[in-house]
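These are the residues of each chain, in order.
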Amino acid sequence: QVQLVESGGGLAQAGGSLRLSCAASELSFSSYAMGWFRQAPGKEREFVSAITWNGGNTYYADSVKGRFTISRDNAKETVDLQMNSLKPEDTAVYYCAANTNRRYPSGSPYEYPHWGQGTQVTVSS
């Protein structure tokens, strides 16, 4: 059974940093693009970032571009999200997800069949 397990969430002050990590198991990791999504209370789940199967291309939502960096390590089967210059509006549960469209991942959650359980990120002002 595929498992994606996020870690690294927590509380940060505005302007601070956090690094999220997602570890995959029972997944042919390099066959998938990977993505990060987030969901704030009362809001829909939204795309944050994605990375192609080999890390050659990365994609970001406009709201995080220049502040967040996605990376992956296929040998370790992990995908990370480095979040800098955090803002209170970044507060959400963050989810990692695997996308079978490994070369051209979109921001649509419907393309991602596998999801983690989420990790809470809270940014105080």
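Summarised in this report is the structure supplied together with it. (Residues numbered from 1 in each chain as written. Predicted model: local features only at pLDDT ≥ 70, side-chain atom pairs only at ≥ 80, totals over all residues. Heavy atoms only, no water.)

### Regarding the packing of aromatic side chains
Reasoning step 1: Per the stated rule, a full pass over the model turns up five aromatic pairs.
Reasoning step 2: Relative to Trp-115, the ring of Tyr-95 lies with its centre 6.4 Å away and its plane at 75°, an arrangement referred to as edge-to-face. Taken together, the positions of Tyr-95 in strand β9 (residues 92-99) and Trp-115 in strand β10 (residues 114-115) put the pair 20 residues apart, joining distant regions of the chain.
Reasoning step 3: Its relative accessible area of 26% is what places Trp-115 among the partly exposed residues.
Reasoning step 4: One aromatic cluster is present, built from ring pairs that chain together Phe-37, Phe-47, Tyr-95, Tyr-112 and Trp-115. (Phe/Tyr/Trp six-rings, centres within 6.5 Å; stacked < 30°, edge-to-face > 60°. Helix = DSSP H or I, 4+ residues; strand = E, 2+ residues; numbered from the N terminus. Buried < 20%, exposed > 50% of the residue type's maximum accessible area, 1.4 Å probe, protein only.)

### Regarding unusual backbone geometry
Reasoning step 1: Positive phi outside glycine occurs at Glu-77, with the angle close to 60°.
Reasoning step 2: Assignment of secondary structure puts Glu-77 in the loop between β7 (68-73) and β8 (78-83).
Reasoning step 3: Despite not being glycine, Ser-85 has its phi angle at roughly 50°, a positive value.
Reasoning step 4: Mapped onto the fold, Ser-85 is located in the loop between β8 and β9.

### What about the pairing of β9?
It is a general feature of regular strands that their side chains alternate between the two faces of the sheet.
Reasoning step 1: In terms of residue burial, β9 counts as a mostly covered element, since seven of its eight residues are buried.
Reasoning step 2: By the bridge criterion, seven bridges tie strand β4 (residues 33-39) to β9 in an arrangement that is antiparallel. By the bridge assignment for β9, Ala-33 is matched with Asn-99.
Reasoning step 3: Two strands pair when backbone bridges link them, and β9 and strand β11 (residues 119-124) are joined in this way by three bridges, in the antiparallel orientation. (Pairing = 2+ DSSP bridges.)

### Here we look at the environment of Leu-20
Reasoning step 1: Mapping Leu-20 onto the fold places it in strand β3 (residues 18-25).
Reasoning step 2: Leu-20 gets classed as buried once you look at its relative accessible area, which sits at 0%.
Reasoning step 3: Each residue touching Leu-20, except ones within four places of it in the same chain, is listed here: Ser-7, Gly-8, Gly-9, Trp-36, Val-79, Asp-80, Leu-81, Met-83, Tyr-94, Thr-119 and Val-121. (Contact = heavy atoms within 4.5 Å.)

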